[in-house]
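# Residue-level structure breakdown
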Amino acid sequence: MHSPRDFEHHVRLAEDKMNRALEQRRWVEVRRCRSDMLTAQAQCAAHGPALPGSSPDRSGDLVPTTLGRAGPWHAVFDQAPAPTAVFDVQGRCVYVNPAFCTLLGHDARAFLQPSPHANSCPGSAFPRTAIVADALAHGHAVAETRHHRPDGQTIWLRLSGSVINDTVGGACHILVQADDITTHWSRETLWERCFATAPIGMALLDLQGQWTSVNDALCDLLGYRRNELLAMRFSDLTYPCDHDQGNTALAELCEGRAKTVSVEKRYRHKDGHPIMVLIRSSVITGPEGLPSFLVSHYEAIGNGRMTDTQLAHLALHDPLTGLANRALLADRLHHNLAALAGGSGALAVLVADLDGLKQVNDQYGHLVGDHLLIAAAHALLGGVEPGATVARLGGDEFVVAGLVDDIRAAEALQGHIGQLLNTQITAAGHQLHLKASVGIAVTQDPITPPQELLHAADQDMYTRKKARNK
């Protein structure tokens, strides 16, 4: 026999078990009720025969029998001005509001009761857009698609889809809203076509002067492919003596001091020759009213022909870097030597040879190699006294010539040039290490032949290069 204490224990166990069972049944019932409520709401929103509990009214439209339980939601969607549709997770349309039908040009039955033999009808074709699958994968999705209305009109739609979850967090429907973007799309397409087919060069630039979009006419004018221009700033094709003009115009636009500027300047064609170009640039503001980007037009002046002054400048300067060429350097050396005859001092001639230019050309292409040469030219021009001459003799060889106080000052100049040409640079988007070997020749004799100075500096440079490579 069981003692009274054992009997009380078993009674408590039975009561606990019964309470747990009741609680479990109560939870199941709550979940079932919630599920019924969601189903009723979906049925209320649906006008299709696939929904249980729906029956046709006298007009033939499908009216859910649960309208009384979810009527307010049905009324809200029906009267909403935004075109709205609901799909199940298989991509079947279960509800469309009148605004959606008006926009796409079909009645509700075309979406809710698609013919199995009509692949082009909206009820079967529309859900095949990526919006349903993307929304299920990411919770929300946006897509743009083209739709042919039955009246023959073609419209562009922007679709926004969001997942509707059930009470346990599982996806049960996709809510899709549609916007008619035909006008926006037409304007955008018209702009793109005008930009692409314009008979003059056109480009969009950021506020740093980087080309972000260029048309075919500009590529033809400058001789570069589109991807090459998009890797450059306009300053990369500008001759050094024209930099101030271009930078001033850019600053006026970016700082709001001008809305439009016009500049006549030279650009360097990919083949190496200069082109005279008339550039008209305007600033485009963003939503906050501040400069956002630039739009520029480019026209060759007189078919790119230059004036006599410009031709004379070209005859004495390197077309790639804008530095003095061999002819101008020889003339400057004669003037410097003549200056020695009238007083003290010395003439320093330094020859710098860039290291690794061939490897850069082989690895990245000659465009990047050209940028490396231009960067070296800018470094030299910005690092020497105004009276000094900076020249490019061809290839990767540069010359700096200038009057100094004495030999010690000449050696200090040599060290300074070596530092200028030993740095990190960005060339056409590539980070490169600029390196050079620098040789020197110094004279205080005004009758020293210029070619003798250049030869001595060149030999000293090769000696130093060999010593570095050991």
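The preceding data block contains the structure.
One structure accompanies this document, and this report is about it. (Residues numbered from 1 in each chain as written. Predicted model: local features only at pLDDT ≥ 70, side-chain atom pairs only at ≥ 80, totals over all residues. Heavy atoms only, no water.)

This part takes up the overall build of the protein. The helix and strand tally for the protein stands at 16 helices and 18 strands. Counting the 470 residues in the protein, one finds 42% classified as buried. In the protein, 51% of the contacts between residues at least 6 apart in sequence involve partners at least 24 apart. Working note: accessible area of the protein is about 26,000 Å², and carbon and sulfur atoms make up 54% of it. (Helix = DSSP H or I, 4+ residues; strand = E, 2+ residues; numbered from the N terminus. Buried < 20%, exposed > 50% of the residue type's maximum accessible area, 1.4 Å probe, protein only. Contact = heavy atoms within 4.5 Å. Areas by Shrake-Rupley, 256 points an atom, 1.4 Å probe, with all protein chains shown as cover.)

Before going further, it helps to spend a moment on helix α15 (residues 407–420). An α-helical turn contains 3.6 residues, so any two residues separated by three or four positions project in the same direction. End to end, α15 covers 20 Å across 14 residues, agreeing with the expected 20 Å (1.5 Å per residue, within 8%). If you follow the buried residues of α15, they end up packed against β13 (346–354), α14 (366–383), β15 (397–404), β18 (436–443) and α16 (450–469). (Expected span 1.5 Å × (residues − 1).)

Look at α14 against α15: their axes get within 9 Å of each other, and the N-to-C directions meet at 140°. Looking at the two axes, α14 sits oblique to α15. Relative to α15, the crossing made by α14 is right-handed. Here α14 contributes Ala379, Leu380 and Gly383 to the contact with α15, which in turn contributes His416, Ile417 and Leu420. (Axes fitted to C-alpha atoms, helices over the stretch in contact; angles between N-to-C directions. Parallel < 35°, antiparallel > 145°, perpendicular 65-115°, else oblique. Left-handed = near helix turned anticlockwise from the far one by under 90°.)

With respect to topology, 5 strands assemble into an open sheet ordered β9-β8-β12-β11-β10, the strand pairing being antiparallel. Looking at the sheet topology across the chains shown, the edges are occupied by β9 (211–214) and β10 (260–268). This sheet shows a mean twist of 30° between the axes of neighbouring strands, independent of strand direction. On top of the sheet, helix α7 (residues 182–197) reaches β8 (201–205) and β9; it is set at about 125° to β8, its chief contact. In the packing of helix α10 (residues 243–254) onto the sheet, the strands contacted are β10, β11 (274–285) and β12 (291–300), and the crossing angle to β10 comes to about 150°. (Pairing = 2+ DSSP bridges.)

Turning our attention to helix α6 (residues 130–138). When we look at burial in α6, the residues that qualify are Ile131, Val132 and Ala135. Axial view of α6: buried residues confined to an arc of 100°, hence all on one face. Opposite the packed face of α6, turned more than 90 degrees from it, sit the exposed residues Ala137 and His138. Where α6 is buried, its residues contact β3 (84–88), β5 (140–148), β6 (154–165) and β7 (171–180). The first or second residue beyond α6 is Gly139, which carries a positive phi of 90°. (Arc of directions from axis to C-beta.)

The strand order across the open sheet formed by 5 strands is β4-β3-β7-β6-β5, and the pairing between neighbours is antiparallel. The open sheet terminates on both sides in strands that have one partner only, identified here as β4 (93–96) and β5. Sheet twist, expressed as the mean angle between neighbouring strand axes with direction ignored, is 25°. Two elements, β6 and β7, share 9 bridges in a ladder whose sense is antiparallel. When the bridges of β7 are listed, Gly161 appears paired with Val176. Strands in contact with α6 are β3, β5, β6 and β7; relative to β5, the strand with the most contacts, it is inclined by about 180°. Along the sheet face, α7 touches β5, β6 and β7 and points at about 125° away from the line of β6.

Bringing the packing of helix α13 (residues 357–364) against α14 into the picture now. Between α13 and α14, the shortest axis-to-axis distance is 7 Å and the interhelical angle comes to 145°. Where α13 approaches α14, its residues Leu357, Val360, Asn361 and Tyr364 are matched on the opposing element by His366, Val368, Gly369, Leu372 and Leu373. Here the residues of the contact of α13 with α14 are counted per class, giving 6 nonpolar, 3 polar and no charged. (Nonpolar A, V, L, I, M, F, W, Y, C, P; charged D, E, K, R; others polar.)

A separate point is the environment of Ser162. Mapped onto the elements of the fold, Ser162 is located in strand β6. When sequence neighbours within four positions are dropped, the list of residues in contact with Ser162 reads Gly139, His140, His173, Ile174 and Leu175. Here His140 takes part through its side chain, which lies 2.9 Å from a polar atom of the side chain of Ser162. (Polar contact = N/O pair within 3.5 Å; in protein donor to acceptor, adjacent residues only side chain to side chain.)

This brings us to the pairing of β10. Sheet analysis places β10 next to β11, joined by 9 bridges and oriented antiparallel. Counted as the bridge partner of Val261 is Ser281 from β11. Remark: 5 residues form the turn of the hairpin made by β10 and β11, two consecutive strands paired antiparallel; Gly272 in that turn has positive phi of roughly 110°.

Relative to the helices and strands, Thr321 resides in the loop between α11 (308–315) and α12 (326–340). What makes Thr321 buried here is its relative accessible area of 1%. Reaching out from Thr321, the side chain makes a polar contact with the side chain of Asp318 at a distance of 2.6 Å. Side-chain polar atoms of Thr321 contact the backbone nitrogen of Leu323, separated by 3.3 Å. Residues within four places of Thr321 in sequence aside, it is in contact with Pro240, Leu373, Ile374, Ala377 and Arg392.

Once that is clear, we can look at the pairing of β4. Sheet analysis places β3 next to β4, joined by 3 bridges and oriented antiparallel. Along β4, the bridge assignment pairs Phe87 with Cys93. Turn length for the β3-β4 hairpin, with the two strands adjacent in sequence and antiparallel, is 4 residues, and the turn residue Gly91 shows positive phi of about 85°.

Attention shifts here to the pattern of salt bridges. Counting across every chain of the model gives 13 salt bridges. For Arg92, the salt bridge identified is with Asp88, shortest N-O distance 2.8 Å. Where Arg158 meets Glu144, a salt bridge forms, and the shortest distance between an N and an O atom there is 2.9 Å. Placement of the pair is Arg158 in strand β6 and Glu144 in strand β5, with a sequence separation of 14 residues. Judged by its relative accessible area of 27%, Arg158 is partly exposed. It is possible to trace a salt-bridge network through shared partners that takes in Arg225, Glu228 and Lys270. (Salt bridge = Lys/Arg side-chain N within 4 Å of Asp/Glu carboxyl O.)

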